[in-house]
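Descriptive structure summary
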Amino acid sequence: MDGLPKRQAFFATVPGDEHTAGLRMAANIQRSKGWQIRLITHLSHAKLLSDIEHSPATILGLSIGSKNSMHQLYNLVRSVRVSRPDVRILVSGSLVAVDEHPIRLLGVDASAKSFEEAEQMLDDLVEQTT
């Protein structure tokens, strides 16, 4: 692995979002492919932001399952941009598959409608962080 980009990421649910099955599956798939994934679910905004701030990972994968979590996603993206501007943010989940446009307006680095798309975007983002 010497000379290759370090493939590590922080995967989390948006605070208040209860949809974790897809995120857990994605974390397990990426781990099986050599990624170091820190999976965090069900944290408050403050605790999640603190964990992101103290993580060496420069890729944050967020899962959003419904429109009810958009405000929390907006707040989290805004906070991460201020405290960790080096972090690349990928958003995926069932809401992205339904309507990607509002997610992209948040200024995230990538959004994915499927596991396959998210996987490709993770590889692209790791290249951008080296």
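Residues numbered from 1 in each chain as written. Predicted model: local features only at pLDDT ≥ 70, side-chain atom pairs only at ≥ 80, totals over all residues. Heavy atoms only, no water.

If you roll a probe as big as a water molecule over the atoms, it shows you where there is empty space left. The volume enclosed by the largest pocket comes to roughly 430 Å³. Lining of the largest pocket is provided by 23 residues; of these, G22, A26, S92, F115 and A118 occupy positions nearest its centre. (1 Å grid on protein atoms, 1.4 Å probe; cavity = no way out; pocket = protein on both sides within 12 Å on 5 of 7 lines; lining within 4 Å. Points joined across faces, edges and corners; volume = space filled by probe spheres on them.)

Attention now goes to the sheet that holds strand β3 (residues 59-63). What the 5 strands build is an open sheet, ordered β2-β1-β3-β4-β5; its pairing is parallel. Unpaired on one side and paired on the other, β2 (36-40) and β5 (110-112) mark the two borders of the sheet. Direction aside, neighbouring strands of the sheet carry axes that sit 20° apart on average. Taken together, the 5 bridges between β3 and strand β4 (residues 88-92) define a ladder with parallel strand orientation. Paired with L60 across the bridge in β4 is I89. (Pairing = 2+ DSSP bridges. Helix = DSSP H or I, 4+ residues; strand = E, 2+ residues; numbered from the N terminus. Axes fitted to C-alpha atoms, helices over the stretch in contact; angles between N-to-C directions.)

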